[in-house]
Amino acid sequence: MNPMQWLPKLKKWEWLVVLTLVTGYFVLATLNLTRLPIFVDEALYLRWAQIAWHDASWRFISLTDGKQPLYIWFVIPFLKLIQDPLMAGRMASVVAGVGTILGLGYLGWLVKDKRTGFYAMLLAILSPYLFFYYRFGVMESLLVASIIWVSNFSVLLARTRRLDIALLLGMLTGLALLVKSSALFFCILIPAAYLLEVDFKKLWTKQTFTYLLLVSIAWFLALVIYNIQRLSPWMHMIGQKNAFFTVPYDQIFAELGRLTNNWADVWRWQSAYTTAPTVLVAFVGAYMLGRQNRRWLLLILIWLFLPMLGTIAVARLFAPRYIIYVTPYLLLLAAYLLASLKTWDLRLRIFLLIVLLPGYLLIRLITDPISYPYTSVDEGYVNGWAAGNGTRQIADWAVNRVEQIHAPVTIFTEGTFGILPHGLELFADGRVEGLTIRGLYPIDKLPPPEALVSVKTNPETYLIMNNTPTSDQVDGLELIVSYPKREAAYTMRLFRVLPPIN
């Protein structure tokens, strides 16, 4: 790559390849997009986006729970264009996924050539790990895309040492920090890209000082963008929320079992979702890259392992989505191996080895996400209180009920945060007047006293139970409908509250 060349020069057929890959991705990613029921975090984020859309004074609403706001803002235009709020939120993630695919292809070109970029794009499309979050209404899709482009512009800055690149990098990094705190790792690692250009025999040169000045400018601009959150009085909640999910620095090595479990979990999840053959091929690709360009290998390993080790070190609560940014760099190494093989026969065999199982898993995600082989920690997507099967259906029933009886309906929900009541509010928003939704937690007695008070003045009083195992027959309640989840023990039930007998 010429240091001053920003973009690869693509021939017409190469543009056609890019267009075909992106189009194919859109087709795959949008098939059966809402077949997986809404998840608790989706209910929160999308409801926040609805509120922020309707009321500009609540544009920073996510900060009340310690979540950065960019994904919430990103969803708002989709809510304006798409009537189904779950479809809108997931479509926002689909669009963000294009950024990951193009970004990884661009990074592949930076590492080696256009062929590497094309393979990287294809593997990014076929990765079950990434594909799940391309179609999920949470911030991970936007996070991965922003991180990849921070990596790309870090390399461009190291090679060009230009102010315009530094300004673009600063804006990208600032936006990444507005998505999720994990982006901070890649913000700190911006100078690592200078490994590609530095002359260790002549380290402290004018060129180096110019580069460090430009990095400082990028960091400063990122900090300015990040601090727009100070427009809200709730910015301090980010630190409090992060503290809930992480351990204090002085306690990192207090529980070695936690560290070893976290390390093992990363590779269990990669083997399950990226698939073991792809991970193995990535390691072989790392070996080949090390033989041909040690500096690039070192940089990719820094991007891969330092954020991973940082997350492993501090994570108190750990789940696959918290470490998803590992996956693109593994796919990049696998793509490098494919592009480096000399014979088409061997390349085809390796390619089939690393796409057959992911392809099967993608089909499962598209056609039957309920029965997909999730790891145990991800069972919450389809089971338990966090899974939202029944939420949309009950919202539709409630709206129809108000329209049918032309009278107000009050629904009490077991839960004040998450699937209930936010998911119910999400699906019912703006559709009918006269529907009141109130969250209760904990519910120590059935029927709850609040519902008994309500039913005295409004016979159309209902209760949704979701967290607590409950039978269909409960004194004082009449079952209207129930929605089992993947396991029947986890069922969302809608009851009518019966007036007390005096």
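Check the entry above for the structure.
What counts, and at which threshold
- Starting afresh in each chain, residues are numbered from 1 along the sequence in its written order.
- Confidence filtering applies because this is a predicted model: local features only for residues at pLDDT of at least 70, side-chain atom pairs given and counted only at 80 or more, and all residues used for totals across whole chains, interfaces and linings.
- Working from all heavy atoms in the structure, the side-chain values ignore hydrogens and water.
- In DSSP terms, a helix is any run of H or I states spanning at least four residues, a strand is any run of E spanning at least two, and both are numbered starting from the N terminus.
- Between two residues, a contact is recorded if the distance between any of their heavy atoms is within 4.5 Å.
- Among buried residues, the Ala, Val, Leu, Ile, Met, Phe, Trp, Tyr and Cys ones that are joined through side-chain atoms within 4.5 Å form a nonpolar core.
- Under the scheme applied here, a residue whose accessible area is under 20% of the maximum for its type counts as buried, over 50% as exposed, and between as partly exposed, the area being computed with a 1.4 Å probe on protein chains only.
- Expected span of a helix, by definition, is 1.5 Å for each gap between consecutive residues, and there is one gap fewer than residues.
- The angle between axes fitted to the seven residues ending at a residue and the seven residues starting there is what we call the bend at that residue.
- In this analysis a 1.4 Å probe is tested at points of a 1 Å grid over the protein atoms alone, and where it fits but cannot get out there is a cavity; an open set with protein on both sides within 12 Å along at least five of seven lines is a pocket; lining residues have an atom within 4 Å of a point.
- Grid points are joined across faces, edges and corners, and a volume is the space filled by probe spheres set on the points.
- Residues are grouped as follows: nonpolar covers Ala, Val, Leu, Ile, Met, Phe, Trp, Tyr, Cys and Pro; charged covers Asp, Glu, Lys and Arg; every other residue, Gly included, is treated as polar.
- A pair of strands is considered paired only if DSSP assigns at least 2 bridges between the two.
- Axis definition: a line fit to C-alpha positions, over the contact stretch in the case of helices; interaxial angles, taken between N-to-C directions, run 0 to 180 degrees.
- By definition, a salt bridge exists where a carboxyl oxygen of Asp or Glu is found within 4 Å of a side-chain nitrogen of Lys or Arg.
- Only residues above 30% relative accessible area that lack a salt bridge enter a patch, with like-charged residues linked at up to 9 Å and the nonpolar side chains Val, Leu, Ile, Met, Phe, Trp and Tyr linked at up to 5 Å.
- Computed with a 1.4 Å probe, the accessible areas rest on the Shrake-Rupley method; for each residue, only the protein chains presented here act as cover.
- Throughout, the term roughly parallel applies to angles under 35 degrees, roughly antiparallel to angles over 145, roughly perpendicular to angles from 65 to 115, and oblique to all others.
- Crossing handedness follows the turn of the near helix against the far one: under a right angle anticlockwise gives a left-handed crossing, and clockwise gives a right-handed one.
- To pair, rings of Phe, Tyr and Trp, with the six-membered ring standing in for Trp, must have centres within 6.5 Å; the planes then decide the type, stacked if under 30 degrees apart, edge-to-face if over 60, and tilted in the middle.
- Counting as a charge over the ring demands two things of the Lys NZ or Arg CZ atom: a distance within 6 Å of the ring centre and an angle within 35 degrees of the ring normal.

Draft legend 1. Representation of the environment of Thr208 within the structure. Looking at the secondary structure, you find Thr208 in helix α10 (residues 206-226). Taking C-alpha positions, Thr208 is 9.3 Å from Arg161, a pair spaced 47 residues apart along the chain. Excluding its chain neighbours within four sequence positions, the residues that come into contact with Thr208 are Tyr194 and Leu203.

Draft legend 2. Here's a closer look at the nonpolar core. Within the largest apolar cluster, 166 residues are counted, with the highest numbers of intra-cluster contacts made by Trp296, Ile300, Trp303, Ile323, Tyr329 and Tyr374. Residue contributions to this core peak at 14 residues, all from helix α4 (residues 85-111). Counting residues in hydrophobic clusters, the runner-up holds eleven residues, among them Phe412, Ile443, Leu463 and Met465.

Draft legend 3. Layout of helix α12 (residues 256-292). Taking 1.5 Å per residue, 37 residues should reach 54 Å; α12 reaches only 37 Å between its end C-alpha atoms and comes up short. If you look at α12, its biggest bend is around 100°, right at Thr275, and the proline Pro277 turns up within four residues after that.

Draft legend 4. Seen up close, empty space enclosed by the protein. Scanning all chains against the criterion turns up three cavities of 30 Å³ or more. Computed from the structure, the largest cavity encloses a volume of approximately 90 Å³. The wall of the largest cavity is formed by Asn32, Leu33, Leu36, Arg90, Phe132, Arg135, Phe136, Leu365 and Pro369. Residues of the lining of the largest cavity, tallied by class, amount to six nonpolar, one polar and two charged. Quantified by volume, the second largest cavity comes out at close to 70 Å³. Around the second largest cavity, the lining residues are Pro128, Tyr129, Phe132, Tyr133, Tyr273, Leu365, Tyr372, Tyr374, Asp378 and Tyr381. In terms of residues, the lining of the second largest cavity owes the most to one element, helix α6 (residues 128-134), which gives four residues. Residues that form the lining of the second largest cavity fall into these classes: nine nonpolar, no polar and one charged.

Draft legend 5. Geometry of unusual backbone geometry. Put simply, Leu420 and Pro421 share a cis peptide bond, and its omega is 10°. Note that Pro421 resides in helix α17 (residues 419-428). Of note, the bond from Tyr441 into Pro442 is cis; its omega dihedral lies within 30 degrees of zero at -5°. Within the fold, Pro442 resides in the loop between β2 (435-440) and α18 (449-457).

Draft legend 6. Main features of the sheet that holds strand β3 (residues 461-465). What the five strands build is an open sheet, ordered β2-β1-β3-β5-β4; its pairing is mixed. Edge positions in the sheet fall to β2 and β4 (477-484), since each has one partner strand and no second. Neighbour to neighbour, the strand axes of the sheet diverge by 20° on average, direction disregarded. Sheet analysis places β4 next to strand β5 (residues 491-497), joined by seven bridges and oriented antiparallel. Residue pairing in the sheet places Leu479 in a bridge with Phe495 of β5. The sheet strands contacting helix α16 (residues 391-405) are β1 (409-414), β2, β3, β4 and β5, and the helix crosses β5 at an angle near 20°.

Draft legend 7. Examining the environment of Trp6 more closely. Locating Trp6 in the fold gives a position in the segment before α1 (12-30). For Trp6 and His406, which are 400 residues apart along the polypeptide, the C-alpha to C-alpha distance reads 62 Å. Those residues in contact with Trp6 that sit more than four places away from it in its chain are Tyr106, Trp109, Thr160, Arg162, Asp164, Ile165 and Leu168.

Draft legend 8. Geometry of the pattern of salt bridges. Using the criterion set out here, one finds 20 salt bridges in the structure. Note that Arg431 and Asp396 form a salt bridge whose closest N and O atoms lie 2.7 Å from each other. Linking Arg431 in the loop between α17 and β2 with Asp396 in helix α16, this pair joins segments that are 35 residues apart in sequence. Across the pair Glu460 and Arg496 runs a salt bridge whose closest N-O atoms are separated by 3.2 Å. Residue Glu460 is found in the loop between α18 and β3, and its partner Arg496 is found in strand β5; the two are separated by 36 residues along the sequence. Judged by relative accessible area, Glu460 falls into the buried class, the value being 8%. If you follow the salt bridges from partner to partner, you end up with Asp41, Glu140, Lys180 and Arg321 in one network.

Draft legend 9. Quick peek at a nonpolar patch on the surface. There is a patch of nonpolar side chains on the surface, built from Leu163, Leu167, Leu168 and Met171 and spanning about 310 Å² of accessible area. Its location among the elements puts Leu167 in helix α8 (residues 163-177).

Draft legend 10. Inspection of the packing of α4 against helix α7 (residues 140-160) at higher detail. The N-to-C vectors of α4 and α7 enclose an angle of 30°; their axes lie 8 Å apart at closest approach. The pairing of α4 with α7 is recorded here as roughly parallel in orientation. For the pair α4 and α7, the sense of crossing is left-handed. Where α4 abuts α7, its residues Ser93, Ala96, Gly97, Gly99, Thr100, Leu102, Gly103, Leu104, Tyr106, Leu107 and Leu110 lie against Ser141, Leu142, Val144, Ala145, Ile148, Trp149, Asn152, Val155, Leu156 and Arg159. When the residues that make up the contact of α4 with α7 are grouped by side-chain class, the tally is 13 nonpolar, seven polar and one charged.

Draft legend 11. Geometry of the packing of aromatic side chains. Considering all chains together, one arrives at 35 aromatic pairs under this definition. On the numbers, 6.4 Å between centres and 80° between planes, the contact of Phe131 with Tyr134 is edge-to-face. Here the residue Phe131 and the residue Tyr134 both occupy positions in helix α6, the gap between them amounting to three residues, near one helical turn. As far as burial versus exposure is concerned, Phe131 and Tyr134 are alike and both buried. Three or more aromatic residues link up through ring pairs in this structure, and these residues are Phe39, Tyr129, Phe132, Tyr133, Phe136, Tyr273, Tyr372, Tyr374 and Tyr381. Lying across the ring of Trp344, Arg347 places its NZ or CZ 4.5 Å from the centre.

Draft legend 12. Representation of α4 within the structure. Counted at 1.5 Å a residue, the expected span for α4 with its 27 residues is 39 Å, and the 39 Å between its end C-alpha atoms agrees. Most of α4 sits out of view: 23 of its 27 residues are buried.

All quantities given are derived from atomic positions and should not be read as evidence of function.
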